[in-house]
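Fold and contact review
What follows is the residue order along each chain.
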Amino acid sequence: MMTIELIQDEIIDEFSMFDDWMQKYEYMIDLGKSLPLISENNKLEDRLITGCQSKVWLDAELIDGKINYTADSDAIITKGIIAILLRVFSNQTPNDILNSNTNFIDKIGLKEHLSPTRANGLLSMIKQLKIYALAFQTQINK
Amino acid sequence: MEFDVQKIRQDFPILSKKVNGYPLVYFDNAATSQKPQVVIDSIVDYYSNYNANIHRGVHTLSQVATDAYELSRQKIKKHFNAAKDCEIIFTSGCTHGINIVASGFSSLLKKGDEIIVSAMEHHSNIVPWQMLCEKTGVLLKVIPMNEDGELIISEYENLLSNNTKIVFVNHVSNSLGTVNPIKEIIDKAHQKGAAVLIDGAQATSHLIPDFQELDVDFYVTSAHKMCGPTGVGILYGKEEWLKKLPPYQGGGEMIKEVTFKKTTYADLPHKFEAGTPNISAGIAFGIAIDYLNTIGLKKIATYENELLTYATDQLMKVEGMKIYGTSKNKVAVISFNIGSIHSYDIGTIIDKLGIAVRTGQHCTQPIMDFYKISGTVRASFAFYNTKQEIDIFIKAIKKAKMMLS
């Protein structure tokens, strides 16, 4: 299993190959298409992340001590962004997720999406990913 | 004076900027307009040469600043043809103005009274009134709209009754561009003895409402959509109404006499102007109005209408295009979607090409619910935009569509 840090480095590496924003966004749009989708039955109000201009659903389950995230969005670029996040955080332990940072977002040139004024809610997504991790960690510690 | 858009563009320093490596194409004018150099200069001039608190100092600078601020009030009064200076209340913007009136009415209304809103309001002309309803038990009724995004006036007539106390409608819809028949709305309300508040946030950059001719009871607008600074606007109210309403905020400026037993309030307009106002912005608001009048609102409207027609024609050639707000009577605002592509995706891609538009619900969730959509892309034009910019915009839209389909 690759660590969160190694996956982040891998993504930074991939993004460094793009010459311009268009290639980068085309790549993200492609990534969006491969997002592990949340099942339609689980697209419920309580899985909807607020603070996004586009709708984002996020779900998580704990399998063998690791978190498996699934998600969806009605906007393709948002889907791409979640796909990147899930590639980093899915299939990791709650503890590792809680102790990780998200500096790589800066390094792949998506920092603009982190600003609170941006309506895509990348910040809310990261927060929600970590809330799931915290919940599962609490469950494990009991 | 000939309408020379290239010459006008030189008045706006920001229009020569590049964004993401591309020349800025600013089509988010319904959110806020850009500012001409004279307006920017007037703010610098105030802070550099005569910054002082107004209305209370006996010293020279305070008097100079007070005169400049009050001159601005007079300009605004003249521009909109209000009857008296004291009917122009400086506010922080439309939202503030609406809150003053809604909060004031909550002490005038009682259970059994009714108030009427339209289906195409900005949230800021809905929420303050819902708060009033919660407080007083007053009933809120809604004027419906048709598919073109026009209010159905016959339905409005049915909603009006002797219980109706106030009607509040926008002059121009921010997400659809529709110009509402406010004179008719006002007259019909008056026949039932109800007051009318018009939210002019989206109107006053395109046209000049004549307050006395309209016989409107309250009219609010913001400077920042009219080439003026943010943080200042006006509440116009007929003197008799403003006298009836209780003050909204307590503080300095708005009092006549204060003892610990009782305070008496200042006369209009100061009764509603508690605290030190945004002095430089108030002064700059007057300069912005001068600037618009030098060009001429009529010429502006004619030119913007050309842009609207041109952009609509070009957009309609894009496959899958759906425009929301197709009233014949509309300002230069186009809300649209392409096929099933999310507005956020389009906005993100064309931003990379230097184009600023608004995406999402535009603070008008009821309109989005009406059309059963999650949002739209909104391009809104001003008199300093050009057909060349529209061409660039159309090209960018097509590129985005290709990437996102």
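In what follows, the structure referred to is the one given above.
Numbering of residues starts from 1 in each chain and follows the order in which that chain's sequence is written. Each chain gets a letter, beginning with A, and each ligand a number, beginning with 1, in the order they are written. Where local features are concerned, this predicted model is filtered to residues with pLDDT of at least 70; where side-chain atom pairs are given and counted, the filter is 80 or more; whole-chain, interface and lining totals use all residues. Only heavy atoms go into the side-chain values, all of them from the structure, while hydrogens and water stay out.

1. Examining the packing of aromatic side chains
All names here are of chain B. Pairing of aromatic side chains here covers Phe, Tyr and the six-membered ring of Trp, requires ring centres within 6.5 Å, and sorts the geometry by plane angle: under 30 degrees stacked, over 60 edge-to-face, intermediate tilted. Per the counting criterion, the structure on display carries 26 aromatic pairs over all chains. Ring geometry for F211 versus Y219: centroids 4.9 Å apart, planes at 40 degrees, classification tilted. Exposure is judged per residue with a 1.4 Å probe applied to protein chains only, and the accessible area is read against the type maximum: over 50% gives exposed, under 20% gives buried, and values in between give partly exposed. The class for Y219 is buried, based on a relative accessible area of 0%. Their ring planes at 40 degrees and their centres at 6.5 Å tell us that Y291 and F383 sit as a pair that is tilted. On the criterion of sequence distance, the pair formed by Y291 in helix α10 (residues 279-295) and F383 in the loop between β17 (376-380) and α14 (387-404) is long-range, its members being 92 residues apart. The same class applies to Y291 and to F383, which are both buried. Among the aromatic residues, those joined into a ring-pair cluster are F12, Y291, F383 and Y384. In this scheme, the term charge over a ring applies when either NZ of a lysine or CZ of an arginine sits within 6 Å of the ring centre and within 35 degrees of the ring normal. Positioned above the aromatic ring of W241, the side-chain terminus of K244 is 4.1 Å from the ring centre. To qualify as a helix, a DSSP run of H or I must reach at least 4 residues; to qualify as a strand, a run of E must reach at least 2; elements of each kind are numbered from the N terminus.

2. Some points on the sheet that holds strand β4 (residues 88-91) of chain B
All names here are of chain B. Reading across from one edge, β4-β10-β9-β8-β7-β5-β6 is the order of the 7 strands in this open sheet, with mixed pairing throughout. Strands at the two margins of the open sheet, each flanked by one partner only, are β4 and β6 (139-143). Put simply, the sheet's adjacent strands are angled 20 degrees from each other on average, direction ignored. A contact between two residues is defined here by any heavy atoms of the two lying within 4.5 Å. Convention adopted: a line fitted to C-alpha atoms gives each axis, helices being fitted over their contacting stretch, and angles between N-to-C directions are expressed from 0 to 180 degrees. Sitting on the sheet, helix α3 (residues 60-79) is in contact with β4 and β10 (233-237), with an inclination near 120 degrees to β4. Strands are treated as partners if at least two bridges between them are detected by DSSP.

3. Remarks on the side chain of S90 of chain A
Residues and elements named next belong to chain A. Mapped onto the fold, S90 is located in the loop between α3 (76-89) and α4 (94-98). Contacts described as polar in this section are N or O atom pairs within 3.5 Å, which, within protein, must combine one atom able to donate a hydrogen with one able to accept it, while residues neighboring in sequence count only if both atoms come from side chains. Within the structure, the side chain of S90 is placed 2.9 Å from the backbone nitrogen of Y69, a separation counted as a polar contact. In this structure, S90 is in contact with I67, N68 and Y69, ignoring residues within four places of it in sequence.

4. Points about unusual backbone geometry
Residues and elements named next belong to chain B. Between L268 and P269 the backbone carries a cis peptide bond, its omega angle lying at 0 degrees. Among the secondary structure elements, P269 is positioned in the loop between β12 (263-265) and α10. At H55, a residue that is not glycine, the phi angle is positive and equals roughly 70 degrees. Locating H55 in the fold gives a position in the loop between α2 (37-50) and α3. When its relative accessible area of 28% is taken as the criterion, H55 is described as partly exposed. Even without being a glycine, N81 presents a positive backbone phi close to 55 degrees. As for its placement among the helices and strands, N81 is situated in the loop between α3 and β4. The class for N81 is partly exposed, based on a relative accessible area of 31%.

5. Quick word on the pairing of strand β2 (residues 66-73) of chain A
Residue and element names in this part refer to chain A. Among the 8 residues of β2, 6 are classified as buried, and the element is accordingly described as predominantly covered. In the sheet, strand β1 (residues 56-63) pairs with β2 via 8 bridges, with the strands oriented antiparallel. What sits directly across from L58, in β2, is A71. Linking two consecutive strands that pair antiparallel, namely β1 and β2, is a turn of 2 residues; a positive phi of about 50 degrees is found at D64 within it.

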